Amino acid sequence: MIDESLLDAPDGLARVDLRGLLRSVAASGAQVRTAARGAAESGIAELRPEGRPGTVLVAGPGPEVPLAADLLDGLTGGAVRVTRIVPEGPLADPGALRWPLPRWAGPLDLLLLTSTEGGEAGLTDLLERAYRRGCSVVSVAPAGTPLAESSARRNCLTVPLTRVPHEQLPEHPAAPGPQWALLTPLLFLGDRLGLWEAGTDALHALADRLDRVAERCGPAEALLGNPAKTMAIEFTGSLPLLWSEGPLARAAARHGAATLTALPGVPALTAELPEALTAHGPLLTGNLAPAGDNDPDDFFRDRVDETPALHARVVLLGDPLAENGGPAGRSALPAARHLAEEQGTAVTELAATEGATALEAAAEFLAQLDFTAVYLTITQLPRP
């Protein structure tokens, strides 16, 4: 359970946020601006590509990489295949991971390497193998690290990881916010390659949009008008079912579910509409009692220490492309609302503000879910 009284106490939230999670997610807009400036200075702006890559491969440690692969795949609109290279290894520690290069990868393909540390031997080895295969390689890593130096030695495009000055990064590996330092150079690169629109003006507009989300979802905004604080209360004692429509909403839903699970420990499931109606339909029919609970029909059971049952809550994320010139009129959202209402299941619906581009709408979904995960985390912490 969370301490709901903290949600309307900005000073109290600051006291319990010992790891700086709120500060980190609120700085997302600043992360985009700083990273966009660093990307422009790295030489991406001078690129004169002769054509599109056959496949874009994305590799690296951390939760930013699945998000990057999903987000870039959604932005291409199917024009170019985007594939994440899933790491292998005996441990989850980045130093123990290896990334297998697909056998079919070759001169027509582009490999994107991202790392916040730049010291993973597995990534350096992947770069060397991709170079021998003739792949184009772009790396985003801190300057002076083994990955950055290996990339520069092979004359690959190397983008220094640029962070907000004097920023104190949260220690938790799933902390949201810093992912924009890695995502922004990839977005700018895709614009130069003609895969999507994310030039300098678009990135600055994205940063402004994230700033406005931080104002609406920040600790100073009262609970009544704060969508993230509201969702934190709604998700308490619930099993969030994130139902998405379209690839960009799917990217936000997957990242949101992963963050909810890894940061506050809130179990969450994702599914794409319309398949979600059958895949998750049985979860809407009643309480999801924890394993090992006493028989609810047992009159003499101990109710004091009884773990409360979870209740499914449907979280709808609509397709940003459908609201920006994409296919409309084939949405499964009405059917999802009807099914939830028919089963008596509560519904939360994420919405982007008016005038948002598809990228900005996806970023708003991500930021709202990130803030929600942070509120769920810090309001569970003991007060110092």
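Before reading further, recall that the structure is shown in the block above.
Keep in mind that what you see is a predicted model, and the values were worked out from it rather than measured.

A.B. asks: Looking at this structure, how should I read the pattern of salt bridges?
C.D. replies: For side chains bearing opposite charge, pairing can occur when the charged atoms are close. Summed over all chains, the structure comprises 12 salt bridges. Here Asp208 ties to Arg33 by a salt bridge, and the two come within 2.8 Å at their closest N and O atoms. Taken together, the positions of Asp208 in helix H9 (residues 200–217) and Arg33 in helix H4 (residues 28–41) put the pair 175 residues apart, joining distant regions of the chain. Taking relative accessible area as the criterion, Asp208 reaches 36% and is therefore assigned partly exposed. One salt bridge connects Glu234 with Arg313, and the closest N-O pair in it is separated by 3.7 Å.

A.B. asks: What exactly am I supposed to notice about the state of the cysteines here?
C.D. replies: Structurally, a disulfide amounts to a covalent bond that connects the sulfur atoms of two cysteines. A full pass over the atoms with the stated rule returns zero disulfides. Considering cysteine sulfurs only, Cys156 is the nearest to Cys135, which forms no disulfide, with 9.9 Å between them. We classify Cys135 as buried; its relative accessible area is 8%.

A.B. asks: I would appreciate a short explanation of helix H7 (residues 146–153) in the present structure.
C.D. replies: Three or four residues apart is the spacing at which side chains of an α-helix point the same way, because the helix has 3.6 residues per turn. Leu147, Ala148, Ser150 and Ser151 are the residues of H7 that are buried. Buried residues in H7, looked at end-on, bunch into an arc of 165°, giving them a common side. Two residues or fewer past H7, Asn155 is found with a positive phi of approximately 60°.

A.B. asks: What should I look at first to understand the pairing of strand S4 (residues 136–141) in this one?
C.D. replies: Consecutive side chains along a regular strand alternate between the two faces of the sheet. Of all six residues that make up S4, five are buried, and the element is covered over most of its length. Direction of pairing for strand S3 (residues 110–114) relative to S4: parallel, over a ladder of five bridges. Paired with Thr114 across the bridge in S4 is Val140. In terms of handedness, the path from S3 via helix H6 (residues 121–133) over to S4 forms a crossover that is right-handed.

A.B. asks: Would you explain the nonpolar core in this entry?
C.D. replies: The nonpolar side chains of a soluble globular protein tend to be buried, and buried together. Val58, Leu112, Trp180, Leu187, Leu206, Leu317 and Tyr375 are the most contacted members of the largest nonpolar core, which totals 82 residues. Counting residues per element, this core draws most heavily on helix H14 (residues 358–378), at 14 residues. Each residue touching Leu112, except ones within four places of it in the same chain, is listed here: Val56, Leu57, Val58, Ala59, Leu72, Val138, Leu186 and Leu189. Of all hydrophobic cores here, the second largest spans 18 residues; its members include Leu123, Ala130, Val137 and Leu147.

A.B. asks: Would you mind showing me how to read the packing of aromatic side chains here?
C.D. replies: Centre distance and the angle of the planes are the two values used to describe a pair of aromatic rings. Scanning the model with the defined rule gives one aromatic pair in all. Looking at Arg81, its charged tip hangs above the ring of Trp104, at a distance of 4.5 Å from the centre.

A.B. asks: Would you explain unusual backbone geometry in this entry?
C.D. replies: The phi angle of most residues is negative, glycine excepted, and most peptide bonds adopt the trans form. For the peptide bond that leads from Leu273 to Pro274, omega is 5°, which places it in the cis range. Along the chain, Pro274 falls in the loop between strand S7 (269–272) and helix H12 (276–279). Its identity as a non-glycine residue notwithstanding, Asn155 has a phi of 60°, on the positive side. Within the element layout of this structure, Asn155 appears in the loop between H7 and strand S5 (157–160).

A.B. asks: Whenever I open this one, the environment of Ala130 confuses me. Can you help?
C.D. replies: As for its placement among the helices and strands, Ala130 is situated in helix H6. Among the residues examined, Ala130 registers a relative accessible area of 0% and is labelled buried. Between the C-alpha atom of Ala130 and that of Val56, which follows or precedes it by 74 residues, the distance is 12 Å. Beyond its immediate sequence surroundings of up to four residues, Ala130 is in contact with Leu101, Leu111, Cys135 and Val137.

Reading the values: the criteria
Residues numbered from 1 in each chain as written. Predicted model: local features only at pLDDT ≥ 70, side-chain atom pairs only at ≥ 80, totals over all residues. Heavy atoms only, no water. Salt bridge = Lys/Arg side-chain N within 4 Å of Asp/Glu carboxyl O. Helix = DSSP H or I, 4+ residues; strand = E, 2+ residues; numbered from the N terminus. Buried < 20%, exposed > 50% of the residue type's maximum accessible area, 1.4 Å probe, protein only. Disulfide = S-S within 2.5 Å. Arc of directions from axis to C-beta. Pairing = 2+ DSSP bridges. Right-handed = clockwise from strand over helix to strand, strands pointing away. Core = buried A, V, L, I, M, F, W, Y, C linked by side-chain atoms within 4.5 Å. Contact = heavy atoms within 4.5 Å. Phe/Tyr/Trp six-rings, centres within 6.5 Å; stacked < 30°, edge-to-face > 60°. Lys NZ or Arg CZ within 6 Å of the ring centre and 35° of its normal.

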